Amino acid sequence: MRRMIAACVALVLLAAPAAYAVQPDEIMSDPVKEARARDLSRELRCMVCQNQSIDDSDAPLARDLRLLVRERIAAGDSNGEVLDFLVARYGEFVLLKPRFERQTMLLWLLAPLLLAGGGFALWRQNRRRAQAGADVPTPPLTPDEEARLAALMSEDAASR
């Protein structure tokens, strides 16, 4: 019985970080606006945790950002206006998924360019190896090698 209780406690403790950090006093009364706030909160980075969205973070700054998002939504701002406001205030780093702009172009294109470059390098290396292997002439067999080959072939034909 104790093992069962210990397993349940361990399961609850493991699932605790996955729980949302949104407090009951933060939730908006309008479910549509609350859903918009949650969607926006999942797109914004906690400046303290840095690898969590403000929707998942328990940090006080994440709470402040969640409240700020809800204030802006309650004031009638669109999702784009809320994001623009936060980017103007905290910089592009506040977005978990940065926008595709001139400043972030290298960030977005670096992985595909490296992948394409690696593929091209592999293709070129294989092509060089194939050309190098085709250029090497095969020397003719010596009389001893020819006799040994004939013996092996006759043994193989006799065993069938």
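Residues numbered from 1 in each chain as written. Predicted model: local features only at pLDDT ≥ 70, side-chain atom pairs only at ≥ 80, totals over all residues. Heavy atoms only, no water.

Asks: I would appreciate a short explanation of the state of the cysteines in the present structure.
Replies: Linking two cysteines covalently through their sulfur atoms gives a disulfide. Using the criterion set out here, one finds zero disulfides in the structure. Looking at the unpaired Cys46, the closest cysteine sulfur is the one in Cys49, lying at 3.5 Å. Cys46 sits in the buried class, given a relative accessible area of 0%. (Disulfide = S-S within 2.5 Å. Buried < 20%, exposed > 50% of the residue type's maximum accessible area, 1.4 Å probe, protein only.)

Asks: Before we go on, may I ask you to explain the nonpolar core in this structure?
Replies: Burial of nonpolar side chains together is a common tendency in soluble globular proteins. Judged by nonpolar contacts, the single largest core of 18 residues is most densely connected at Leu44, Ile54, Val69, Ile73 and Leu86. Among the elements of the structure, α2 (31–43), α3 (60–74) and α4 (79–90) are those that each provide at least two residues to this core. At five residues, the largest contribution of residues to this core is made by α3. Aside from chain neighbours lying at most four places away, what touches Leu86 is Leu44, Leu65, Leu68, Val69, Gly91 and Val94. (Core = buried A, V, L, I, M, F, W, Y, C linked by side-chain atoms within 4.5 Å. Helix = DSSP H or I, 4+ residues; strand = E, 2+ residues; numbered from the N terminus. Contact = heavy atoms within 4.5 Å.)

Asks: What should I look at first to understand the side chain of Thr104 in this one?
Replies: Within the secondary structure, Thr104 is located in the loop between α4 and α5 (105–135). Not counting the four nearest positions on each side in its chain, Thr104 is found in contact with Glu92, Pro98 and Arg99.

Asks: Where do I start with the pattern of salt bridges in this structure?
Replies: Should their charged atoms come close, side chains of opposite charge can pair. Inspection of every chain in the model, using the stated rule, returns seven salt bridges. For Glu34, the salt bridge identified is with Arg38, shortest N-O distance 3.5 Å. Of this pair, Glu34 and Arg38 both sit in helix α2, separated by four residues, roughly a single helical turn. Given the relative accessible area of 9%, Glu34 is considered buried. Residue Arg38 is classed as buried on the basis of its relative accessible area of 18%. One salt bridge connects Arg99 with Asp84, and the closest N-O pair in it is separated by 2.9 Å. With Arg99 in the loop between α4 and α5 and Asp84 in helix α4, the pair connects residues that are 15 residues apart, well separated along the chain. (Salt bridge = Lys/Arg side-chain N within 4 Å of Asp/Glu carboxyl O.)

Asks: Would you mind showing me how to read α2 here?
Replies: Since the α-helix advances by 3.6 residues per turn, residues separated by three or four positions end up pointing in the same direction. Here α2 is 13 residues long and its end C-alpha atoms lie 19 Å apart, about the 18 Å a rise of 1.5 Å per residue gives. Taken together, the buried positions of α2 are occupied by Glu34, Ala37, Arg38, Leu40 and Ser41. One face of α2 carries all of its buried residues, which in axial projection span an arc of 165 degrees. Elements in contact with the buried residues of α2: α3 and α4. (Expected span 1.5 Å × (residues − 1). Arc of directions from axis to C-beta.)

Asks: Would you take a moment to explain the packing of aromatic side chains for this structure?
Replies: One pass over the structure, following the stated rule, counts one aromatic pair. Plain terms: the ring middles of Phe120 and Trp123 are 5.7 Å apart, the flat faces sit at 35 degrees to each other, and that makes the pair tilted. You can see Phe120 and its partner Trp123 sitting in helix α5, three residues apart, about one turn around the helix. Taking relative accessible area as the criterion, Phe120 reaches 46% and is therefore assigned partly exposed. For the cation-ring pair, Arg45 lies above Phe93, with the distance from its terminal atom to the ring centre recorded as 4.4 Å. Residue placement shows Arg72 over the ring face of Phe85; its charged tip is 4.1 Å from the ring centre. (Phe/Tyr/Trp six-rings, centres within 6.5 Å; stacked < 30°, edge-to-face > 60°. Lys NZ or Arg CZ within 6 Å of the ring centre and 35° of its normal.)

Asks: Is there a simple way to explain a nonpolar patch on the surface in this structure?
Replies: There is a patch of nonpolar side chains on the surface, built from Phe100, Met105, Leu107, Trp108, Leu109 and Leu113 and spanning about 590 Å² of accessible area. Within the secondary structure, Leu113 is located in helix α5. (Patch = residues over 30% accessible without salt bridge, like charges linked within 9 Å, V, L, I, M, F, W, Y side chains within 5 Å. Areas by Shrake-Rupley, 256 points an atom, 1.4 Å probe, with all protein chains shown as cover.)

Geometric descriptors of this kind do not, in isolation, establish any biological role.
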